Amino acid sequence: MKRKTLLISTAGAVLAAAAVAGVISSASAASAPGIVGAPGKVDRATIASFDRMAQAALDRRTAALLNTTAARQAAPQADAHVSLAAGLARTEDQVVSSLRARKARLAAVGEVYSAGRTKVTVDNVVVNGGRADVYVTETTTLTYKKLRGDEPATTGFQAKHDVTFAATSQGRWQLTGIEDQLTGGVPQVNAPAPNVASAASVDPLQGTPADTSWPASPLPKGVSSKGYNYAAMAAYAEKYWSRYNPAYRQFNGAGGDCTNFISQSLKAGGWKNAPGIDSDYHNWWYSADSESWTWVGANDWSWFALSSKRVTNLKNVYQLGVGDILQMDFNRDGSKDHSMIVTYRSRSGMPYVTYHSTNTYRRSVASLVMSFPDAVYYAYRT
């Protein structure tokens with residue numbers, strides 16, 4: 001139990017492309033990204049086609065969640081440079097179907113998206129033989145429909161993808177896939193759920209899994225007896241959700257930044273260092289040169305938080321309040337994969353979480369539950 005447990009990587013999902021009405025798109029091929037490998041094999045027109053296909057793929061996924069009717073859901077026509085692989089088109093049809101089902105499940109608990117905007121920015125193009133890796137940044141914003149009247153205005157996230165294309169014998173390219181590039185990232189609301197493994201035994205310090213049924217019995221969160229400032233925790237998280245505080249190291253390349261991010265937020269609200277050996281889960285600290293494993297590891301953080309009695313288990317995820325923490329075990333293997341902090345709670349009782357990896361602002365807990373119905377959830381009152 002004195003081991004460093006960082007977030008595991010979640011698998012990227014395969015996409016296909018389609019033009020969709022109701023989603024405002026903004027492609028960026030004209031920005032002239034860097035080209036590495038064999039630049040003579042792709043010109044600006046081809047890069048523009050790569051960009052268009054990536055944009056359309058993510059547009060279609062976002063549109064599947066909106067409370068609007070798309071003009072058409074078929075894949076776009078191939079152009080002189082790029083087409084869509086047939087196998088990927090079939091896979092994406094299944095993805096879109098699953099997202100529509102998710103939309104219905106969300107509506108059943110009172111969450112509807114009235115509008116959406118997805119912007120794709122091409123960061124780099126790497127050509128190696130018959131493969132082109134187009135590295136893009138996706139920025140998506142969804143507008144909450146005011147069904148209860150107390151929802152926040154929007155939710156949003158940023159994600160980085162490797163969109164892959166394969167050269168054909170005819171001298172053209174085919175879109176073959178898209179993969180999430182942030183290790184330790186939770187797939188977003190417009191991404192399919194990961195595969196789920198069978199349940200496994202859990203560590204005794206794992207905590208008690210929380211129920212996900214809606215609605216939940218109210219459990220109001222009062223003023224902390226320990227002097228914690230929950231508003232300050234939320235304010236910190238919402239300030240740095242899409243950018244990183246330069247005062248701290250970030251861990252996207254070392255298993256994921258989500259637990260590092262909640263640790264920063266908790267410290268901003270009054271959590272004090274618990275010094276000691278970095279691998280001992282009874283300790284929690286950050287310094288200029290190092291940090292405890294509990295600061296950055298999802299499992300280690302939960303072990304510290306529970307053993308130190310800085311948190312208690314909540315019975316239902318919808319009882320979470322501002323400053324509380326939600327963790328997820330995607331594949332039910334007994335190891336937590338993701339950590340999030342609640343930064344908003346509506347008057348009707350819906351918590352909204354903000355997190356890193358993938359950087360996300362005010363995503364509803366209902367969105368997570370409906371996107372990952374087979375995951376195990378752990379809700380902590382701070």
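Preceding this section is the structure that the text describes.
Residues numbered from 1 in each chain as written. Predicted model: local features only at pLDDT ≥ 70, side-chain atom pairs only at ≥ 80, totals over all residues. Heavy atoms only, no water.

Enquirer: Please clarify how the overall build of the protein chain should be interpreted in this entry.
Expert: Counting its secondary structure elements, the protein chain contains seven helices and 13 strands. Here the protein chain holds 382 residues, and the buried ones make up 55% of them. Here the contacts in the protein chain between residues at least 6 apart in sequence split such that 72% fall between residues at least 24 apart. Carbon and sulfur atoms make up 53% of the accessible area of the protein chain, which amounts to about 15000 Å² in all. (Helix = DSSP H or I, 4+ residues; strand = E, 2+ residues; numbered from the N terminus. Buried < 20%, exposed > 50% of the residue type's maximum accessible area, 1.4 Å probe, protein only. Contact = heavy atoms within 4.5 Å. Areas by Shrake-Rupley, 256 points an atom, 1.4 Å probe, with all protein chains shown as cover.)

Enquirer: Whenever I open this one, the nonpolar core confuses me. Can you help?
Expert: Most often, soluble globular proteins keep nonpolar side chains buried together rather than apart. Leu326, Leu368 and Tyr377 are the most contacted members of the largest nonpolar core, which totals 37 residues. If you list the elements that add at least two residues to this core, you get helix H2 (86-108), strand E5 (131-144), strand E9 (325-329), strand E10 (338-345), strand E11 (351-355), helix H7 (365-371) and strand E13 (376-381). Per element, the largest residue contribution to this core is five residues, and it comes from H7. In this structure tyrosine 377 touches Thr208, Pro209, Ala210, Thr212, Val317, Leu326, Gln327, Met328, Leu368, Val369 and Phe372, once residues within four positions along its chain are discounted. Among the nonpolar cores identified, the runner-up in size contains 27 residues, and Tyr240, Trp284, Trp295 and Trp301 belong to it. (Core = buried A, V, L, I, M, F, W, Y, C linked by side-chain atoms within 4.5 Å.)

Enquirer: Would you explain the packing of helix H3 (residues 230-239) against helix H4 (residues 258-268) in this entry?
Expert: Each pair of packed helices can be summarised by the angle the axes make with each other and by the distance between the axes. Interaxial distance between H3 and H4 falls to 7 Å at its minimum, and their mutual angle equals 140°. Relative to H4, the element H3 is oriented oblique. For the pair H3 and H4, the crossing hand works out as right-handed. Two secondary-structure elements touch here, H3 through Ala232, Met233, Tyr236 and Ala237 and H4 through Phe261, Gln264, Ser265, Leu266 and Ala268. (Axes fitted to C-alpha atoms, helices over the stretch in contact; angles between N-to-C directions. Parallel < 35°, antiparallel > 145°, perpendicular 65-115°, else oblique. Left-handed = near helix turned anticlockwise from the far one by under 90°.)

Enquirer: What's the story with the environment of tyrosine 144 in this structure? I'm lost.
Expert: As for its placement among the helices and strands, tyrosine 144 is situated in strand E5. By relative accessible area, which is 3% here, tyrosine 144 ends up buried. Counting along the chain gives 220 residues from tyrosine 144 to serine 364, while the straight-line C-alpha distance between them is 10.0 Å. A polar contact is formed between the side chain of tyrosine 144 and the backbone nitrogen of serine 364, at a distance of 3.4 Å. (Polar contact = N/O pair within 3.5 Å; in protein donor to acceptor, adjacent residues only side chain to side chain.)

Enquirer: What exactly am I supposed to notice about H2 here?
Expert: Structural remark: α-helix, 3.6 residues per turn; residues separated by three or four positions point the same way. The terminal C-alpha atoms of H2 lie 34 Å apart, and with 23 residues this matches the ideal 33 Å at 1.5 Å per residue to within 8%. The set of residues buried in H2 consists of Leu88, Glu92, Val95, Val96, Leu99, Arg102 and Leu106. In the stretch just after H2, glycine 110 is the one whose phi turns positive, near 90°. (Expected span 1.5 Å × (residues − 1).)

Enquirer: When you look at the pairing of strand E6 (residues 154-167) in this model, what are you seeing that I'm missing?
Expert: The side chains of a regular strand alternate, residue by residue, between the two faces of the sheet. Here E5 runs beside E6; their pairing, made up of 13 bridges, is antiparallel. Residue pairing in the sheet places threonine 137 in a bridge with lysine 160 of E6. Looking at chain direction, E6 and strand E12 (residues 360-364) are connected through two bridges and run antiparallel. If you follow glycine 156 over to E12, its bridge partner there is tyrosine 361. Counting the residues that bridge the hairpin from E6 to strand E7 (residues 173-180) gives five residues, and of these glycine 171 lies at a positive phi of roughly 85°. (Pairing = 2+ DSSP bridges.)

Enquirer: In this structure, what is going on with helix H1 (residues 44-63)? I would like to understand it.
Expert: Taking 1.5 Å per residue, 20 residues should reach 28 Å; H1 reaches 28 Å between its end C-alpha atoms and fits that length. Burial of H1 is extensive: 16 of the 20 residues sit out of reach of the surface.

Enquirer: Help me out: how do you make sense of the packing of aromatic side chains in this one?
Expert: Aromatic rings in a pair are described by how distant their centres are and how their planes are angled relative to each other. For the structure on display, the rule yields 20 aromatic pairs. With centroids separated by 6.0 Å and ring planes inclined at 20°, the aromatic side chains of tyrosine 248 and tryptophan 295 adopt a geometry described as stacked. Of this pair, tyrosine 248 sits in the loop between H3 and H4 while tryptophan 295 sits in helix H5 (residues 293-296), and the two are 47 residues apart along the sequence. Consider the rings of tryptophan 271 and tryptophan 301, whose centres lie 6.1 Å apart with planes at 10°: the pair is stacked. Placement of the pair is tryptophan 271 in the loop between H4 and H5 and tryptophan 301 in helix H6 (residues 298-307), with a sequence separation of 30 residues. (Phe/Tyr/Trp six-rings, centres within 6.5 Å; stacked < 30°, edge-to-face > 60°.)

Enquirer: Help me understand the pattern of salt bridges in this model?
Expert: A side chain with one charge can pair with a side chain of the opposite charge if their charged atoms come near. Using the criterion set out here, one finds eleven salt bridges in the structure. A salt bridge links arginine 381 to aspartate 324, with the shortest nitrogen-to-oxygen separation between them at 2.7 Å. Here arginine 381, found in strand E13, pairs with aspartate 324, found in the loop between strand E8 (312-313) and E9; they are 57 residues apart in sequence, far enough to count as distant. Among the residues examined, aspartate 324 registers a relative accessible area of 0% and is labelled buried. (Salt bridge = Lys/Arg side-chain N within 4 Å of Asp/Glu carboxyl O.)

Enquirer: So what exactly am I meant to see when it comes to the pairing of E7 here?
Expert: Two elements, strand E3 (residues 82-84) and E7, share three bridges in a ladder whose sense is parallel. What sits directly across from leucine 84, in E7, is leucine 175. The pairing of E6 with E7 spans seven bridges and is antiparallel. Within the sheet, the bridge partner assigned to valine 163 lies in E7 and is isoleucine 178.

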